[in-house]
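Survey of secondary and tertiary structure
Spelled out, the chains give:
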4 protein chains.
Amino acid sequence: MKVRTDLALEERESFDGSGVEIHGVEVEESCDEERDVRLTRVKIVSERGAREMGKSRGTYLTLEAPGLASPDEDYHREVSEMIADLLRELTGTAESVLVAGLGNRDVTPDALGPQAVSNLMITRHLIREYGREMMGMDGCCVVSGIVPGVMAQTGMETSEILQGIIEETRPDLLIVIDALAARSTRRLGRTVQITDTGIQPGSGVGNHRGSLTKESLGIPVIAIGVPTVVEAAAIVYDAQGNCEKMPPHLNGMFVTPKNIDEMIKQLSFTLSEALNMVFSETKKA
Amino acid sequence: MKVRTDLALEERESFDGSGVEIHGVEVEESCDEERDVRLTRVKIVSERGAREMGKSRGTYLTLEAPGLASPDEDYHREVSEMIADLLRELTGTAESVLVAGLGNRDVTPDALGPQAVSNLMITRHLIREYGREMMGMDGCCVVSGIVPGVMAQTGMETSEILQGIIEETRPDLLIVIDALAARSTRRLGRTVQITDTGIQPGSGVGNHRGSLTKESLGIPVIAIGVPTVVEAAAIVYDAQGNCEKMPPHLNGMFVTPKNIDEMIKQLSFTLSEALNMVFSETKKA
Amino acid sequence: MKVRTDLALEERESFDGSGVEIHGVEVEESCDEERDVRLTRVKIVSERGAREMGKSRGTYLTLEAPGLASPDEDYHREVSEMIADLLRELTGTAESVLVAGLGNRDVTPDALGPQAVSNLMITRHLIREYGREMMGMDGCCVVSGIVPGVMAQTGMETSEILQGIIEETRPDLLIVIDALAARSTRRLGRTVQITDTGIQPGSGVGNHRGSLTKESLGIPVIAIGVPTVVEAAAIVYDAQGNCEKMPPHLNGMFVTPKNIDEMIKQLSFTLSEALNMVFSETKKA
Amino acid sequence: MKVRTDLALEERESFDGSGVEIHGVEVEESCDEERDVRLTRVKIVSERGAREMGKSRGTYLTLEAPGLASPDEDYHREVSEMIADLLRELTGTAESVLVAGLGNRDVTPDALGPQAVSNLMITRHLIREYGREMMGMDGCCVVSGIVPGVMAQTGMETSEILQGIIEETRPDLLIVIDALAARSTRRLGRTVQITDTGIQPGSGVGNHRGSLTKESLGIPVIAIGVPTVVEAAAIVYDAQGNCEKMPPHLNGMFVTPKNIDEMIKQLSFTLSEALNMVFSETKKA
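Everything quoted here is computed from the prediction, not taken from an experiment. (Residues numbered from 1 in each chain as written. Chains lettered and ligands numbered in written order. Predicted model: local features only at pLDDT ≥ 70, side-chain atom pairs only at ≥ 80, totals over all residues. Heavy atoms only, no water.)

1. Considerations on the relation of the copies chain D and chain C
Definition in use: In this comparison the copies share one frame, found by least squares on the C-alpha atoms of residues holding pLDDT of at least 70 in both. Contact criterion: two residues are considered in contact whenever any of their non-hydrogen atoms come within 4.5 Å of each other.
Mapping chain D onto chain C calls for a rotation angle of 180° and an axial translation of 0.0 Å; the resulting RMSD is 0.0 Å. Those values place the two copies in the arrangement expected of a two-fold rotation axis. Measuring from the rotation axis to each C-alpha of chain D, the shortest distance belongs to Gly-164 of chain D, at 1.9 Å. With an isologous cut-off of 70% or more, the 100% of interface residues of chain D that recur at the interface of chain C puts this contact in the isologous class.

2. Things to note about the relation of the copies chain C and chain A
The two copies are related by a screw motion: chain C maps onto chain A through a turn of 180° and a shift of 0.0 Å along the axis, at an RMSD of 0.0 Å. Interface residue correspondence from chain C to chain A reaches 100%, placing this contact among same-surface, isologous pairings.

3. Points about the interface of chain C and chain A
Let me state the cut-off plainly: Two parts placed together each lose some accessible area; with a 1.4 Å probe, that loss summed over both constitutes the buried area. Criterion for a salt bridge: a side-chain nitrogen of Lys or Arg within 4 Å of a carboxyl oxygen of Asp or Glu. Throughout this description, a polar contact denotes any pair of N or O atoms lying within 3.5 Å of each other; where both atoms belong to protein, one of them has to be capable of donating a hydrogen while the other can accept it, and for residues adjacent in sequence the pair is counted only when both atoms sit in side chains. The way it works is that DSSP assigns letters per residue, a run of H or I at least four long becomes a helix, a run of E at least two long becomes a strand, and they are numbered from the N terminus. Think of it as three bins: nonpolar holds Ala, Val, Leu, Ile, Met, Phe, Trp, Tyr, Cys and Pro, charged holds Asp, Glu, Lys and Arg, and polar takes everything else, Gly as well.
At the junction of the two partners, chain C supplies 30 residues and chain A supplies 30 residues. Interface of chain C and chain A: buried area, both sides summed, is about 2,500 Å²; carbon and sulfur atoms make up 60% of it. Linking Lys-258 of chain A and Glu-231 of chain C is a salt bridge whose minimum nitrogen-to-oxygen distance equals 3.6 Å. Run the count over chain C and chain A and you get nine residue pairs in polar contact (both at pLDDT 80 or more). Those elements that place two or more of their residues in the side of chain C that touches chain A are helix H6 (151–154), helix H9 (232–240), strand E9 (253–257) and helix H10 (260–279) of chain C. Looking at the side of chain C that touches chain A residue by residue, the classes come out as 14 nonpolar, nine polar and seven charged.

4. Focus: the packing of helix H3 (residues 73–91) of chain D against helix H10 (residues 260–279) of chain D
Residue and element names in this part refer to chain D. The following threshold applies: Only the contacting stretch of a helix is used when fitting its axis, a line to C-alpha atoms as for every element, and angles between N-to-C directions run 0 to 180 degrees. Angles are sorted into four bins: roughly parallel if under 35 degrees, roughly antiparallel if over 145, roughly perpendicular if 65 to 115, and oblique for all others. The hand of a helix crossing depends on one turn: near helix anticlockwise from the far one by less than a right angle means left-handed, and clockwise means right-handed.
Across the interface, H3 lies against H10 with an axial gap of 8 Å and an inter-helix angle of 50°. Considering the angle they form, H3 stands oblique to H10. Judged by the twist between their axes, the crossing of H3 over H10 is right-handed. For the pair formed by H3 and H10, the contact residues are His-76, Arg-77, Val-79, Ser-80, Glu-81, Ile-83, Ala-84, Leu-87, Arg-88 and Thr-91 on the first element and Gln-266, Thr-270, Leu-271, Glu-273, Ala-274, Leu-275, Met-277, Val-278 and Phe-279 on the second.

5. Some points on the nonpolar core
Counted only if it meets this: To form a nonpolar core, buried Ala, Val, Leu, Ile, Met, Phe, Trp, Tyr and Cys residues must be joined to one another through side-chain atoms within 4.5 Å. Relative accessible area decides the class of each residue, using a 1.4 Å probe on protein chains only: under 20% of the type maximum gives buried, over 50% gives exposed, and in between gives partly exposed.
Of all hydrophobic cores here, the largest spans 99 residues; its most connected members are Ile-175 and Ile-194 of chain A together with Ile-175 and Ile-194 of chain C. Excluding residues that lie within four positions of it along the chain, Ile-175 of chain C makes contacts with Leu-87, Val-97, Leu-98, Val-99, Ala-100, Ile-222, Ile-224, Leu-275 and Phe-279 of chain C. Residues Leu-63, Val-99 and Ala-111 of chain B together with Val-79 of chain D belong to the second largest nonpolar core, which totals 98 residues.

6. Some points on the pairing of strand E1 (residues 25–32) of chain B
Two faces make up the sheet, and in a regular strand the side chains alternate between them. Condition: When DSSP locates at least two bridges between a pair of strands, those strands are taken to pair.
Taken together, the eight bridges between E1 of chain B and strand E2 (residues 37–44) of chain B define a ladder with antiparallel strand orientation. Its bridge partner lying in E2 of chain B, Glu-26 of chain B is registered against Lys-43 of chain B.

7. Considering the pairing of strand E2 (residues 37–44) of chain C
All names here are of chain C. Burial analysis of E2 places six of its eight residues in the buried class, which makes it a mostly covered element. Linking strand E1 (residues 25–32) to E2, which pair antiparallel, is a turn of four residues; within it Asp-36 sits at a positive phi near 55°. As judged from the seven bridges shared by E2 and strand E3 (residues 58–64), these two strands associate in the antiparallel manner. From the neighbouring strand, Ile-44 faces E3, where its bridge partner is Gly-58.

8. Quick notes on unusual backbone geometry
Backbone geometry at Asp-36 of chain C places phi at a positive 55°, although glycine is not the residue there. With respect to the helices and strands, the residue Asp-36 of chain C is situated in the loop between E1 and E2. Backbone geometry at Arg-170 of chain D places phi at a positive 50°, although glycine is not the residue there. Under the relative-accessibility criterion, Arg-170 of chain D is labelled exposed at 60%.

Here it is, written out as structure tokens:
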């Protein structure tokens, strides 16, 4: 039995040193030493690899950037540019995109998505009313955004809400931003995962129950996540090396840093800047 | 030319004293003198009446309660009960209801709907998972809630978002809560309008553009509104008696009281209590 | 070595079963079985008791009420009344009180104090301008309130800010409301501690550094606290029974429940109601 | 009788065209045509000038920048730099500064000050603990910040709270940021006033009652303000040219634009950036 992680990177690490190579899982690492950023590409290419990893087939890009923990604005801008490049790699061309900020805006470590969407350049209504040309938005994508809330607030699955909105407004692409659970507290706020597999049931700080995938929604789904919590059970597991005596009252508890407000504020801005670079900035000749 | 009002009551008043009786508009007034509450029922029963009033056919119930301006909790509870009775009159029986809090949560006088929804008892997910009986909710309605945001935040019409969610989750009834524009500052925060006509384009503090009606959405729509602003043009009109020299830069400006934060906090609570009484409290034998 | 707790109750429990009786610490328990509420009075009456407990001399009243975890409004009102009675016991007569909501309003589990102060009936300015009689406030206390923020936001110690405000406005009594750290996750949100010893350095979710006591501030200080987090180290300690291999990166991490937003919303209301009962409600003949 | 304005610029304009020159008031204008920014320096140098202007003796610098209404980040950064230059002109050298964000964070047009302080680089606690050198902050100012709240929330005058904090923490300089009332809606969000006279009773959106000046507080006070509202009475006055038939219920009402949330978000950031440039950025050789 293992403790849950939303990071493909951590899932793969749990096989490290075991001498086991996982069939159907390709891993590629690169490093930007100047900026102290490590990029890992995990591709799960077979059903067997998916089963062993407990993650869907697809591509998982992970940036590890310890500097994200510092408030250095210039550094955050550089990371925004890297994220923008990775997004362009996964999204291909889309005329219109819906960005959904998942999570609970009233619980600080779960507010990453809602805060990121609040900083997005939203253009769908402007382009529909005035046209791209008049707005000086040639080459820009039509961007809409939604903060659906969590089930305790709405009584509805996030997947139900997004499904309905997608059917009504017909974007080419869905991007979901979500706060994730990692296994290691050392990753909190310093790792960005981007994947073309969307969101699986049980993932995220708030444990989404319905899947948000191309299969379920009919359009490509890119998920951008940053770990902001660790399940309380994970640090007990770390300490005692097993889950045998896991206290049941740790269910529904998470571990998060005390400066989580600053972390969320900076990261949400870094992510929204990356999205603005990809979708809203006019392509220069 | 007249200044906009979202209140049927004010629309009708503009005919008062003119000696004109409006065909197809029935008005009935009653008064609870002990509580200093006046109830006006305006029924627009013909197309001609609708045209002259500039409002849709249907029933408009308006409570005028000057005491709403005070922070007296007991008084607010009594008004919640009156609103609950009026809601029961209009809603009939519904097994499931979606409550939408319209408006912009970041603009205080427009935050009435979002704040009211945040105090609602949301039960859809609980009843679906555990059943009414196990939750002790026999006789309760399935309640879901959504705060769709405004077009500047989402790029989408409120009507598009709600249409999609309704098609996906199939409630029997939609209730929308919205901050309204009145003509008279004396009505701000002291008047509650409940109507079975839903929301018309151009209404609300934020000027919704798509209609939210039974015709457009396929299910009955009850709108609950409280005026929290007056168009800036209205007070100029009041002062000079005409609109001839209306300064153009007053467009997009509204008038609101300085203690609007307290007003919204109390009124949103009063409305959510009324909804909880109607939909979530177990019917006692 | 022990993991920190802000609860005198938990500190005393760590001696239980050890056969050790602590000199200078008096304990008295009572139980309201109907409401499932347990009240423990811990009095530390000697310096030796204070040293062994690691807490200041004074009285610590602790209510344990598992029902606080449920959203039952009637039950919360009953607990508010019990808290009001305990407050009256500790505060004696005060003509004027300053209530400080400590903690960080942007970090959900630390927002208890700020949210409680936002629901208080603030009367100082009204009584100063119009007099008690005209306001119908005979027998009421003059109430002022402040949310000083945390050091990362202000650059100042909470103790510096409150000291200055007290010297300028001269209240008879300071009440501080603060989110606490417990040792056991089972206490989170279900325990209320009221003490006449004020706040010690190192206490609270945000670890206040300056003391807030009668000695340092010159007026009596009552502290009301509810545990909303457990130090991450505590659950590791619980699991492995010692602190030998405590991972250093757990410093500055805390454990909190996923529904912390609802917990804070309800508890802050329960506390502010208790304070309103004690200080702002007119004494009836 | 005239309608209130917090802008010295508007006060002076009311004498324009009357052929009257005001003794003791010096006015100097300059223009940055490329950026479409106009700078007006009003110096009130005599008591007579102060009396006629209804403003204190001192220097009032006013930037008019219509582009502030647009969301262009680069433009806002340029304005931040201009504001920084003006601040340096008025503040001289200060080792330590307290920045107070006046106003009500729960009323959108009054939240300018609170939001600006939340984006400030706060350094006092860091420099006190680690020293300037270790923090790489040579040449930086010690910065502390406070959001005191408004009288309806605290029961205290802002002046009482700040007086107390200043006596306790002894900054060299107080900077207050406040949302202002203008006479003309055309100035809303497009004008920045910086003055070395501090804050006078009756100024600001929330009408501060105590003065915040060098005389009352013992240290220099710089006030930075942006008009975000117009008194409701002002637009009626504009329309009918006099105040004879001013409806009394317009008291306590203000006029503000519908997109006030975006305006406050951008302007608060522009102001905090300017302050960070002046006080927290290391002087480069």
